[in-house]
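In case you want the letters, here they are:
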Amino acid sequence: WNRAIGVEATHKAGQGRWPAVQHAAIEWLCRGLIARHHIPQSRIAAHRWTAPTRKADPTDWNDRALRTWIAALYAPIPGTTYRVLLPSSRVRTGPGISFPIATFGVGGPQVVLPRDYTIISDSHTTGEPVEGNRLWVHIILPAAWGWIHASLVEAL
């Protein structure tokens, strides 16, 4: 299927908690695929959501826990360096597009970051959604400018 990526993991219903090493490996793989292929969160689905009459996996995660885990795949890791993905990415004064674009000083030029520019974040938060993704990254270095949408950056 040329429009989907499947991540298969061996874990049978009733086996209990996934081993930590298996969980970490799946998280690492999914984060990498999301970043490499720019997959929006709205396009991530469990097997049981796409083929409910044929599939039940993953069996040991209820929908709420699975959706929480998927959302965490998009969460920036505090203290990590990020690279800006698109040219002219605007930094906002708060976590949403309704917040003003940050400026260099009072009345100064807007903070617009070029592609491949690197930043460091101290935290992330949920804010106004952009294409279904509510995660925003707070920038602290090279300056405490404000917030940039998580879809505009990738971890290095």
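Residues numbered from 1 in each chain as written. Predicted model: local features only at pLDDT ≥ 70, side-chain atom pairs only at ≥ 80, totals over all residues. Heavy atoms only, no water.

Colleague: Describe in detail the confidence of the model for the protein, supporting the description with residues and values.
Modeller: Mean pLDDT over the protein stands at 85; residues scoring 70 or higher make up 97%. Least confident of the elements in the protein is helix α1 (residues 20-37), whose mean pLDDT is 82; most confident is strand β3 (residues 112-113), at 95. (pLDDT = per-residue confidence, 0-100. Helix = DSSP H or I, 4+ residues; strand = E, 2+ residues; numbered from the N terminus.)

Colleague: Give a description of the nonpolar core that names residues and reports values.
Modeller: Grouped together as the largest cluster of nonpolar side chains are 28 residues, with contacts concentrated most on W69, L113 and I148. Elements represented by at least two residues in this core include exactly α1, α3 (63-73), β1 (81-84) and β5 (133-141). The leading source of residues in this core is α3, at four residues. (Core = buried A, V, L, I, M, F, W, Y, C linked by side-chain atoms within 4.5 Å. Buried < 20%, exposed > 50% of the residue type's maximum accessible area, 1.4 Å probe, protein only.)

Colleague: Run through the packing of aromatic side chains, naming residues and quoting values.
Modeller: Centre-to-centre distance and the angle between the planes together describe a pair of aromatic rings. Enumeration according to the criterion identifies two aromatic pairs in this entry. With centroids separated by 5.8 Å and ring planes inclined at 85°, the aromatic side chains of F104 and W145 adopt a geometry described as edge-to-face. With F104 in the loop between β2 (89-90) and β3 and W145 in the loop between β5 and β6 (146-149), the pair connects residues that are 41 residues apart, well separated along the chain. Looking at F104, the relative accessible area reads 43%, which means it is partly exposed. Its relative accessible area of 17% is what places W145 among the buried residues. Relative to W145, the ring of Y117 has its centre 6.2 Å away and its plane inclined at 35°; by these criteria the two rings are tilted. On the criterion of sequence distance, the pair formed by Y117 in the loop between β3 and β4 (118-130) and W145 in the loop between β5 and β6 is long-range, its members being 28 residues apart. The exposure class of Y117 is partly exposed, given its relative accessible area of 28%. Pairwise contacts between aromatic rings join F104, Y117 and W145 into one cluster. (Phe/Tyr/Trp six-rings, centres within 6.5 Å; stacked < 30°, edge-to-face > 60°.)

Colleague: Got a sec to walk through the pairing of β1? Specific residues and values, please.
Modeller: Regular strands have side chains that alternate between both faces of the sheet. Alternating residues of β1 divide into Y82 and V84, all buried, and T81 and R83, none buried. Bridge analysis of β1 against β4 gives three bridges, and the strand direction is antiparallel. The residue bridging R83 from the neighbouring strand is T118, located in β4. Looking at chain direction, β1 and strand β7 (residues 153-155) are connected through three bridges and run antiparallel. Residue pairing in the sheet places R83 in a bridge with E154 of β7. (Pairing = 2+ DSSP bridges.)

Colleague: Quick rundown of the pattern of salt bridges? Include the residues and the values.
Modeller: Applying the stated criterion to the full structure yields four salt bridges. One salt bridge in this structure joins R31 and E27, with 3.3 Å as the shortest N-O distance. Residue R31 and its partner E27 are located together in helix α1, separated by four residues, close to a single helical turn. For E27, a relative accessible area of 27% puts it in the partly exposed group. For the salt bridge of R48 with D63, the shortest nitrogen-to-oxygen distance reads 2.8 Å. With R48 in helix α2 (residues 47-50) and D63 in helix α3, this pair connects stretches of sequence that are 15 residues apart. By relative accessible area, D63 is classed as partly exposed at 31%. Three or more residues are tied together by salt bridges with common partners; here these are R83, D116 and E154. (Salt bridge = Lys/Arg side-chain N within 4 Å of Asp/Glu carboxyl O.)

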